[in-house]
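As a plain string of letters, each chain reads:
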Amino acid sequence: MINNEGIIIYRDVHKWYGDFHVLRGITFTMQKGEVVVICGPSGSGKSTCIRTINRLEEHQRGQIIVDGIELTNDLRNIEAIRREVGIVFQQFNLFPHLTALQNVSLAPFWVLKMRKSKAEEAAMKLLERVGIPEQAQKYPAQLSGGQQQRVAIARALAMSPKIMLFDEPTSALDPEMIKEVLDVMKNLARSGMTMIVVTHEMGFAREVADRIIFFDYGQLVEENTPEEFFHNPKHDRTKLFLSQILEY
Amino acid sequence: MDENQLAGYADKNQLPPPSERIPAIRWLKQNLFSSWFNAILTIVSTVLIMTIVFGLLRWALEARWEVIPANLKLLLVGTYPVEHLWRVWATVYLIAFLLGFSSGAHGGLMRRVSTTAALVSVVLAVLPFPWGTRGWLLGIAVAAVAGFGLGYLGKGIRWCKRLEIASWILSFPISLIFLNGVGGILPVIKGRTMWGFMLNLIGAVVGIGLSFPVGVLLALGRRSKLPAIRLVCTAYIEIIRGVPLISLLFMASIMLQLLLPASVRPDLLIRAMLTITAFSAAYMAENVRGGLQAIPQGQYEAAYAVGLNRALTTILIILPQALRIVIPAIVGQFIALFMDTTLFGFIAILELLNITRSIMGNLEWRGTIFELYAFIGIVFWILCYSMSYVSRRIEKTLGVGER
Ligand SMILES: Nc1ncnc2c1ncn2[C@@H]1O[C@H](COP(=O)(O)OP(=O)(O)OP(=O)(O)O)[C@@H](O)[C@H]1O
Ligand SMILES: [Mg+2]
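Residues numbered from 1 in each chain as written. Chains lettered and ligands numbered in written order. Predicted model: local features only at pLDDT ≥ 70, side-chain atom pairs only at ≥ 80, totals over all residues. Heavy atoms only, no water.

Some details on the packing of helix 13 (residues 268-293) of chain B against helix 16 (residues 327-340) of chain B
Residues and elements named next belong to chain B.
Link 1 in the chain: At their nearest, the axes of helix 13 and helix 16 sit 10 Å apart, and the two run at 165 degrees to each other. Considering their axes alone, helix 13 and helix 16 lie roughly antiparallel with respect to each other. Between helix 13 and helix 16 the crossing geometry is right-handed. On helix 16, the residues touching Ile 276, Phe 279, Ser 280, Tyr 283, Met 284, Asn 287 and Val 288 of helix 13 are Ala 329, Ile 330, Gln 333, Phe 334, Leu 337 and Asp 340.
Link 2 in the chain: For the contact of helix 13 with helix 16, the class distribution of residues is nine nonpolar, three polar and one charged. (Axes fitted to C-alpha atoms, helices over the stretch in contact; angles between N-to-C directions. Helix = DSSP H or I, 4+ residues; strand = E, 2+ residues; numbered from the N terminus. Parallel < 35°, antiparallel > 145°, perpendicular 65-115°, else oblique. Left-handed = near helix turned anticlockwise from the far one by under 90°. Contact = heavy atoms within 4.5 Å. Nonpolar A, V, L, I, M, F, W, Y, C, P; charged D, E, K, R; others polar.)

What follows is the structure in structure tokens.
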């Protein structure tokens, strides 16, 4: 343990794509069990930021500490952190050649070295938890978008992560399926999971988030409670953004 | 609206699709006689096709087909000694048994293949072969059925599945050793390079079995993050793909003869098989690379994110998807490799084509060149078509999980 100030600690984190400065000094801390919603305009670096947490993207300056482990190039650290952090993508990224059940039980079997029967049993429980036990033997292509995303959530949960990241989990879904996914996420939040959710679902943010972070141009513009964020934002930039997305 | 009303609404107003059948005359007019020019083309090509077909038929009826049965043993197994022929049969039985076993255990495609093999052997046994040969042929069906029974009984048992996979993998080296012989136990057959069509088959099986894994490794190497590995693999692939196979075969046969003393030089047949493997692997690598490139980045990310390391990601997530995409290309490569084994004939290996040439040189069979080449053509066509049929079936079976 480097310290016990928080489960996720960002200190002045920078990242460049070539000359393009995507993350321009991000600093924030998250406590265990907190639910943080990140929003902001397209291209502002939200995805990049949360993907640095499990090293799908590397940061080039600053410090990221996840559950007491600092992210460096050390492969063992990266693997340790990836076991603690689950991520759900906008495009689901399920493994198309495996059934829903296999998608979920794969990592516990190969990475945690669980017995196959045990891994499948656990996977089945998770599919029940996300409400689709009857789809266990189907392949991703045979599932609806909402069902696929719920399998993806179950897959991430199968590694019993301490932190769950969601990168616009409902943006690729038809309106009628958004609710079923958000419901699963709400239950997860209530169960005490530490979550970072990038989303434009302001209703969800208002209801579930402990804090909302507003991103623009790779910077953390505003960090506020939902109450304050919606009714009394500190920044003009936030006001403009809110007026744009709440119009519809 | 309740459920029933909804269902009624879904059924209502549903019409059958419009019929697309057209009368024969209309079809003819539309497709063959739509204009003067097309009409003339149709008539000319009909006459041409008729001439060729009748010519072929007349030739086929008058041809001296007896050259095939008279030399069948020579064509199929070359100079493999008659008193050891049972080893060839035993090998065939082993494969038939395994096919039957797999078909009993899994059904599906395997069942089709093994049923076909068994049926073909029964049909062949009806043909006017000597009685001894008929008995051997029927043995194939017996082996397949026996395998089927055992496979059926062992269905779903864990160790049976492992045994099956292990037997398939082991069957190839065992067959080779069995056919060739091992010092002290089974007499080694002399003149390894004179076994007719069997050599084409052995060359193809060895070539396919080795070039596939080597090709996959080369493809992965070419995409490696380590520059040295990438460089070596790329150079290998590009050099091999720039040289004709025949020149590689000549190098393997003649240059090695000059460079290496006989004591350390592998047997000509082994050199030929290694050459064709090395050659095919380069093409295989490019096919596999095509499949690897088609896998979206998100698959890697999802795999890493659940904690899989690079090796496991490649083996469990990437390769299964990449290989599925390139099955047609890979089977095409297998077929090409099989046909390329006829090039062995140019380096003094008596495979099917070369054996045929020596038969044609025999005074008794002078002028039977067309019959013999027709036979070669048919034999190769049957095997190559089977391969492409199996590949299409595999694609279909695997298509379940496609995006
Ligand atoms: N691999 C990359 N190479 C170069 N530039 C990139 C790369 N990935 C992202 N970017 C750029 O970085 C910026 C931030 O991208 P990011 O995906 O983090 O934005 P975002 O806030 O998640 O946007 P969105 O809401 O559209 O998902 C964008 O301008 C994007 O064009
Ligand atoms: Mg994004």
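After that view, the rundown keeps rolling.
So, the site of ligand 1
Residues and elements named next belong to chain A.
Link 1 in the chain: Surrounding ligand 1, one finds Tyr 17, Phe 20, Val 22, Pro 41, Ser 42, Gly 43, Ser 44, Gly 45, Lys 46, Ser 47, Thr 48 and Glu 168.
Link 2 in the chain: The separation between a nitrogen atom of ligand 1 and a polar side-chain atom of Tyr 17 is 3.4 Å.
Link 3 in the chain: Within the contact set of ligand 1, an oxygen atom lies 2.6 Å away from a side-chain nitrogen or oxygen of Ser 47.
Link 4 in the chain: If you list the elements that add at least two residues to the shell around ligand 1, you get strand 2 (20-30) and helix 1 (46-51).
Link 5 in the chain: With three residues, helix 1 is the single largest residue contributor to the shell around ligand 1.
Link 6 in the chain: Classifying every residue of the shell around ligand 1 gives four nonpolar, six polar and two charged. (Near = heavy atom within 4 Å. Polar contact = N/O pair within 3.5 Å; in protein donor to acceptor, adjacent residues only side chain to side chain.)

Observations concerning unusual backbone geometry
All names here are of chain A.
Link 1 in the chain: Look at Asp 12: it is not a glycine, yet its phi comes out positive at around 50 degrees.
Link 2 in the chain: Counting through the fold element by element, Asp 12 comes out in strand 1 (residues 8-17).
Link 3 in the chain: Among the residues examined, Asp 12 registers a relative accessible area of 37% and is labelled partly exposed.
Link 4 in the chain: Even without a glycine there, the phi angle at Lys 113 is positive, about 60 degrees.
Link 5 in the chain: Its place among the elements puts Lys 113 in the loop between helix 3 (100-110) and helix 4 (116-129). (Buried < 20%, exposed > 50% of the residue type's maximum accessible area, 1.4 Å probe, protein only.)

Thoughts on the pairing of strand 9 (residues 211-216) of chain A
Residue and element names in this part refer to chain A.
Link 1 in the chain: Within strand 9, six of the six residues are buried, which leaves it mostly tucked inside the rest of the structure.
Link 2 in the chain: Every second residue of strand 9 is oriented toward a common face, with Arg 211, Ile 213 and Phe 215 on one face and Ile 212, Phe 214 and Asp 216 on the other, all of them buried.
Link 3 in the chain: Here five bridges tie strand 9 to strand 10 (residues 219-224), and the two strands are oriented antiparallel to one another. Looking across to strand 10, one finds that Phe 215 is bridged to Leu 220. (Pairing = 2+ DSSP bridges.)

Side note on the nonpolar core
Link 1 in the chain: A:Tyr10, A:Ile196, B:Tyr80 and B:Leu308 are the most contacted members of the largest nonpolar core, which has 111 residues in total.
Link 2 in the chain: When residues in this core are grouped by element, the largest group, twelve residues, is from helix 13 of chain B.
Link 3 in the chain: Residue contributions to this core reach at least three from each of two domains, namely domain 2 (80-190) and domain 3 (193-403) of chain B.
Link 4 in the chain: Aside from chain neighbours lying at most four places away, what touches A:Ile196 is A:Ile8, A:Phe28, A:Met30, A:Val36, A:Ile38, A:Ile50, A:Ile53, A:Met164, A:Leu165 and A:Phe166. (Core = buried A, V, L, I, M, F, W, Y, C linked by side-chain atoms within 4.5 Å. Domains from an automatic or database assignment.)

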